[in-house]
Amino acid sequence: MRRLIVEEPVTRAAPWALRLAWFSLAVVALALLLVRDPRAETDAALAVLGSGVGLAALAVLLALAAFVRIWREGARGLGVAVGGLVLAALVLAYPAYMAVRGVMLPPLTDVATDIENPPAFSRSRAAWEARGWRMPRDSGPAARALQREAYPQIAPLTLDLGPDEAFALAMKAAQNRKWQVVESYKPGGRVGNGRIEAVVRSRLLGLPYDVTVRLHPRADGTRIDVRSATRFGDRDFGQNADHIRAYLDEIGNLALAVK
């Protein structure tokens, strides 16, 4: 008698999930390189990044479809499906984290320590060029109210130091934070206020954020105000507040070391 050989069904979704996961990883890696390249168009790089994230999400759906067929029909391809799911999940981990932050935090693009009179961004040619010939838009009353509610701890820092000493610490803190300082002026002169204009880039994506620092001499020391604005998108996912907190903490630590 001949022995009948029954072949187990093989799910096609599993290998496609793995292929798409690898492809999404390559697309995201390319997008990260483009975002960090000053010669590349940031909007185009973000579009490529979004495509990579979309491919990873599709890989997850295919892996889940493969699991369903494996469970119902006993099809082969479990290991391949798991590999595709894990790889796609790694690609989606950071976007998912930022999405959660975006839902939990208000849709702000501009955060300042002085809500009523935020530091003004420089209009010099050097500052315009560093910002890609853009001027951050001023926040309206509604956005200022959202910031007050979401970030009550974002406030000016007053140092019991003279303006020159405070300016030196502010510049040192900017260097320690790896800021790209565009221009800087010591306190004094007709206006009296000092200024530091800089561009800050996020750690992973390298997206640019425009920052200006105002140093105002006072009888009891020097008041430091900081304003940070996102350049792309309709929300900052908490990045502007993070930049301000980290910078002021850096100045505070430097001031403690001086005493």
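Keep in mind that what you see is a predicted model, and the values were worked out from it rather than measured.

Chemist: Mind showing me how you'd approach a nonpolar patch on the surface here?
Modeler: A contiguous nonpolar patch, built from Leu-78, Val-82, Val-86 and Leu-90 and spanning about 360 Å² of accessible area, is present on the exposed surface. Within the secondary structure, Val-82 sits in helix α3 (residues 78-104).

Chemist: I keep staring at the UniProt feature "transmembrane region" (unreviewed entry) in the protein chain and nothing clicks. Help me out?
Modeler: The sites that carry the UniProt feature "transmembrane region" (unreviewed entry) are, in the present numbering, residues 16-35, 47-71 and 77-97. In the segment residues 47-71, helix accounts for 100% and strand for 0%; the C-alpha atoms at its two ends are 36 Å apart. Across residues 77-97, helical content stands at 95% and strand content at 0%; the span's end C-alpha atoms are separated by 30 Å.

Chemist: Sorry if this is basic, but what is going on with the packing of helix α1 (residues 13-36) against α3 here?
Modeler: How two helices pack is summed up by the angle between their axes together with the distance between the axes. For the pair α1 and α3, the least separation of the axes is 7 Å and the interaxial angle reads 25 degrees. In terms of their interaxial angle, α1 and α3 are classed as roughly parallel. Considering the relative orientation of α1 and α3, their crossing is left-handed. Here Ala-14, Pro-15, Ala-17, Leu-18, Ala-21, Trp-22, Ser-24, Leu-25 and Val-28 of α1 come into contact with α3, specifically with Val-80, Ala-81, Gly-83, Gly-84, Leu-87, Ala-88 and Val-91. For the contact of α1 with α3, the per-class residue count stands at 13 nonpolar, 3 polar and no charged.

Chemist: How should I be thinking about the pairing of strand β6 (residues 221-230) in this particular structure?
Modeler: On any regular strand, side chains alternate: one points to one face of the sheet, the next to the other face. The element β6 is extensively covered by neighbouring structure, given that 9 of its 10 residues are classed as buried. Here strand β1 (residues 110-112) pairs with β6 via 3 bridges, running antiparallel. From the neighbouring strand, Asp-110 faces β6, where its bridge partner is Ala-229. Summarising the sheet, strand β2 (residues 157-159) and β6 pair through 3 bridges and their orientation is antiparallel. Its bridge partner lying in β6, Leu-157 is registered against Ile-224. As paired strands, strand β5 (residues 208-218) and β6 are joined by 10 bridges and run antiparallel to one another. Bridge pairing in β6 links Tyr-209 to Thr-230. Taking the residues between adjacent antiparallel strands as the criterion, β5 and β6 are bridged by 2 residues.

Chemist: Explanation requested: the nonpolar core in the structure shown.
Modeler: One recurring pattern in soluble globular proteins: nonpolar side chains tend to sit buried together. One finds Val-213 and Tyr-247 to be the most contacted residues of the largest nonpolar core, which totals 29 residues. Elements represented by at least two residues in this core include exactly α6 (163-176), β4 (194-201), β5, β6 and α7 (239-258). Residues within four places of Tyr-247 in sequence aside, it is in contact with Ala-170, Ala-173, Ala-174, Arg-177, Trp-179, Ile-196, Val-213 and Val-226. Ranked by size, the runner-up nonpolar core spans 19 residues in total, among them Ala-21, Ala-31, Val-35 and Leu-92.

Conventions and cut-offs
- Residues numbered from 1 in each chain as written.
- Predicted model: local features only at pLDDT ≥ 70, side-chain atom pairs only at ≥ 80, totals over all residues.
- Heavy atoms only, no water.
- Patch = residues over 30% accessible without salt bridge, like charges linked within 9 Å, V, L, I, M, F, W, Y side chains within 5 Å.
- Areas by Shrake-Rupley, 256 points an atom, 1.4 Å probe, with all protein chains shown as cover.
- Salt bridge = Lys/Arg side-chain N within 4 Å of Asp/Glu carboxyl O.
- Helix = DSSP H or I, 4+ residues; strand = E, 2+ residues; numbered from the N terminus.
- UniProt positions renumbered as here; feature names shortened; annotations may be inferred.
- Axes fitted to C-alpha atoms, helices over the stretch in contact; angles between N-to-C directions.
- Parallel < 35°, antiparallel > 145°, perpendicular 65-115°, else oblique.
- Left-handed = near helix turned anticlockwise from the far one by under 90°.
- Contact = heavy atoms within 4.5 Å.
- Nonpolar A, V, L, I, M, F, W, Y, C, P; charged D, E, K, R; others polar.
- Buried < 20%, exposed > 50% of the residue type's maximum accessible area, 1.4 Å probe, protein only.
- Pairing = 2+ DSSP bridges.
- Core = buried A, V, L, I, M, F, W, Y, C linked by side-chain atoms within 4.5 Å.

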